[in-house]
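Examining the three-dimensional arrangement
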Amino acid sequence: MRDGADTLAYGECETVIKVALGDRSYPIVLGERLLSSAGQWIAQAVPGARCAVVSDRNVAALYMAPLKASLDRHGLFLGEAVVSPGEASKSFAVLAPLCESLLELGVERGDCIVALGGGVVGDLAGFAASILRRGVRVAQMPTTLLAQVDSAIGGKTGIDTRQGKNLIGTFHQPSLVLADVSVLSTLSPREFRAGYAEVVKYGLLGDAPFFAWLEANWPKVFAAAGAERRHAVETSARAKAKIVAADEREEKGTRALLNLGHTFGHALEAFAGYSDRLLHGEAIAIGMRLAFTFSAEFGLCSAADAARVEKHLSAVGLPTKIAAIPGGTPAPEALLALMAQDKKVKGGKLAFVLVHGIGQAFVERDVTLPRLTEFLARECAAG
Ligand code: NAD
């Protein structure tokens, strides 16, 4: 076992990455065309469980039939519950009828919820599983790039409320993450690109060679066929598994590094109303560039590293400037207020993930409001 995460090659096709959490450890199974063998993997991970599949309408139309066929072959399919696509489904209004549908399907304590979809379905179905009959097992089957490299791994579940995103939720580790890389080929180019921001994040926060590899290989990662896409997903999933194993509940600071670019990014998403104006990954791309520029301005990292980050994000077509958000630029005071809501201000200071360079993120607890205000004023004014 290496640093809490162990990689084993299973046959020719799949890679299994272990999320090492003692008796709650689980495998991330990653490969091509895994939907058709899902029944076998689930039977192995959750013996004796029947499966209720939760998905959204878009994903169900594409992938419910092969998944159901596989589960049926193993006598595991209990039924399905399909929600509307989009962030609005992460709500009490959708959670309550979903839980009731799952009960009506006959989900019992020993059964398993299968979350087939992106981060929205994963967070919602994971949360439903954690409260249904005081907790049933969940298998995550992520179908977006963001979900395969980030949200499906690590057990954070939840829904949004009027007061903010992800404010109601649980830690509920899955029993299995089954990531079929071939389903990424039906994602829209914009959704794929937004998910790629999270892939870049792993390079920037702790793996400089991986960032350099992405700089050289990103066109092949974006091209559907080929080993490079799978390598990017595997490297990211392995990084997430290692961080989760080291700091499951974000108590030691390690997991907080995953928030690189997120304090800026969440404020920008809130400003854009969590709408199509700015996808989560797009906000994170701008946020990561801001974190690097901010670090460079205060002599924490080199200007050359900040420029490299901006160049790569721009090369793949991700936004890097606040002014790139369509429909208007926020006032710096408004952004600051949103950031203060996201992270508690203690003694006029905010905690931020900053960088000493590419692959060297750290948590800085002493960012003062005047420094930040001045920086944001310049960034909001920049074209
Ligand atoms: P999403 O789940 O809304 O999916 C994006 C769109 O792609 C949807 O319209 C969906 O129907 C469609 N789609 C999904 N898979 C597809 C496929 N293979 N082919 C075609 N279309 C497909 O968005 P997302 O970016 O995956 O997830 C965002 C959510 O993840 C946010 O709610 C965020 O808070 C959450 N998140 C959670 C964690 C965590 O640790 N739990 C981490 C990061 C993000």
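Here we come to the site of the ligand. The environment of the ligand is made up of 25 residues, and the closest members are Asp56, Glu87, Thr143, Thr144 and Thr186. Notes on the ligand: free accessible area 870 Å², of which the protein chains cover 87%. Of all elements in the fold, only helix H2 (57-73), helix H4 (119-131), helix H5 (145-151) and strand S9 (164-171) reach the threshold of two or more residues within the shell around the ligand. Classifying every residue of the shell around the ligand by side-chain character gives eight nonpolar, eight polar and nine charged.

Let us look at the nonpolar core. Residues Leu145, Tyr196, Leu204, Leu260, Phe264, Phe292 and Leu372 are the most contacted members of the largest nonpolar core, which totals 74 residues. Among the elements that line this core, the one with the most residues is helix H10 (residues 280-297), at nine residues. Residues from two domains meet in this core; each of domain 1 (7-186) and domain 2 (189-381) gives at least three. Excluding its chain neighbours within four sequence positions, the residues that come into contact with Leu204 are Phe211, Leu260, Met288, Phe292, Val309, Gly357, Ile358, Gly359, Gln360 and Ala361. With 27 residues, the next largest nonpolar core counts Ala38, Val59, Leu71 and Ala139 among its residues.

Contact pair helix H7 (residues 208-222) / helix H8 (residues 227-246): the axes reach a minimum separation of 8 Å and the direction vectors enclose 140°. With respect to H8, the axis of H7 lies oblique. Pair H7 / H8 crosses with left-handed handedness. For the pair H7 and H8, the contacting residues are Phe210, Trp213, Leu214, Asn217, Lys220, Val221 and Phe222 in the first and Glu228, Arg229, His231, Ala232, Thr235 and Ser236 in the second.

Because each turn of an α-helix spans 3.6 residues, side chains separated by three or four positions end up pointing in the same direction. Taking 1.5 Å of rise per residue, the 13 residues of helix H11 (residues 303-315) would be expected to cover 18 Å, and the 18 Å separating its terminal C-alpha atoms lies within 8% of that figure. Along H11, the residues classified as buried are Asp305, Ala306, Val309, His312 and Leu313. One face of H11 carries all of its buried residues, which in axial projection span an arc of 130°. Of the exposed residues in H11, the ones pointing more than 90 degrees away from its buried face are Ala303, Ala304 and Lys311. Contacts from the buried residues of H11 go to helix H6 (189-206), H7 and H10.

Moving on to the pattern of salt bridges. Applying the stated criterion to the full structure yields 22 salt bridges. Between Lys68 and Asp72 there is a salt bridge whose closest N-O contact spans 3.0 Å. Highlighted residues: Lys68 and Asp72, both in helix H2, separated by four residues, approximately one helical turn. Note on Lys68: relative accessible area 31%, which makes it partly exposed. Here Asp72 falls in the partly exposed class, since its relative accessible area comes to 38%.

Our next topic: the side chain of Thr157. Of note, Thr157 is situated in strand S8 (residues 156-161). For Thr157, the side chain forms a polar contact with the side chain of Thr170, separated by 2.7 Å. With sequence-adjacent residues up to four places away left out, Thr157 is seen in contact with Asp123, Gly126, Phe127, Ser130, Ile168, Gly169, Thr170 and His172.

For the rest of this paragraph, the subject is the pairing of strand S4 (residues 51-56). Within S4, six of the six residues are buried, which leaves the element mostly enclosed by the surrounding structure. Every second residue of S4 is oriented toward a common face, with Cys51, Val53 and Ser55 on one face and Ala52, Val54 and Asp56 on the other, all of them buried. Inspection of the sheet shows S4 paired to strand S5 (residues 77-83) by six bridges, in the parallel sense. The residue of S5 that forms the bridge with Cys51 is Phe77. The handedness of the S4 to S5 crossover, carried by H2, is right-handed. Relative to strand S6 (residues 112-117), S4 is paired through five bridges, and the arrangement is parallel. The residue of S6 that forms the bridge with Val53 is Val114.

So, how was this worked out
Residues numbered from 1 in each chain as written. Predicted model: local features only at pLDDT ≥ 70, side-chain atom pairs only at ≥ 80, totals over all residues. Heavy atoms only, no water. Near = heavy atom within 4 Å. Areas by Shrake-Rupley, 256 points an atom, 1.4 Å probe, with all protein chains shown as cover. Helix = DSSP H or I, 4+ residues; strand = E, 2+ residues; numbered from the N terminus. Nonpolar A, V, L, I, M, F, W, Y, C, P; charged D, E, K, R; others polar. Core = buried A, V, L, I, M, F, W, Y, C linked by side-chain atoms within 4.5 Å. Buried < 20%, exposed > 50% of the residue type's maximum accessible area, 1.4 Å probe, protein only. Domains from an automatic or database assignment. Contact = heavy atoms within 4.5 Å. Axes fitted to C-alpha atoms, helices over the stretch in contact; angles between N-to-C directions. Parallel < 35°, antiparallel > 145°, perpendicular 65-115°, else oblique. Left-handed = near helix turned anticlockwise from the far one by under 90°. Expected span 1.5 Å × (residues − 1). Arc of directions from axis to C-beta. Salt bridge = Lys/Arg side-chain N within 4 Å of Asp/Glu carboxyl O. Polar contact = N/O pair within 3.5 Å; in protein donor to acceptor, adjacent residues only side chain to side chain. Pairing = 2+ DSSP bridges. Right-handed = clockwise from strand over helix to strand, strands pointing away.

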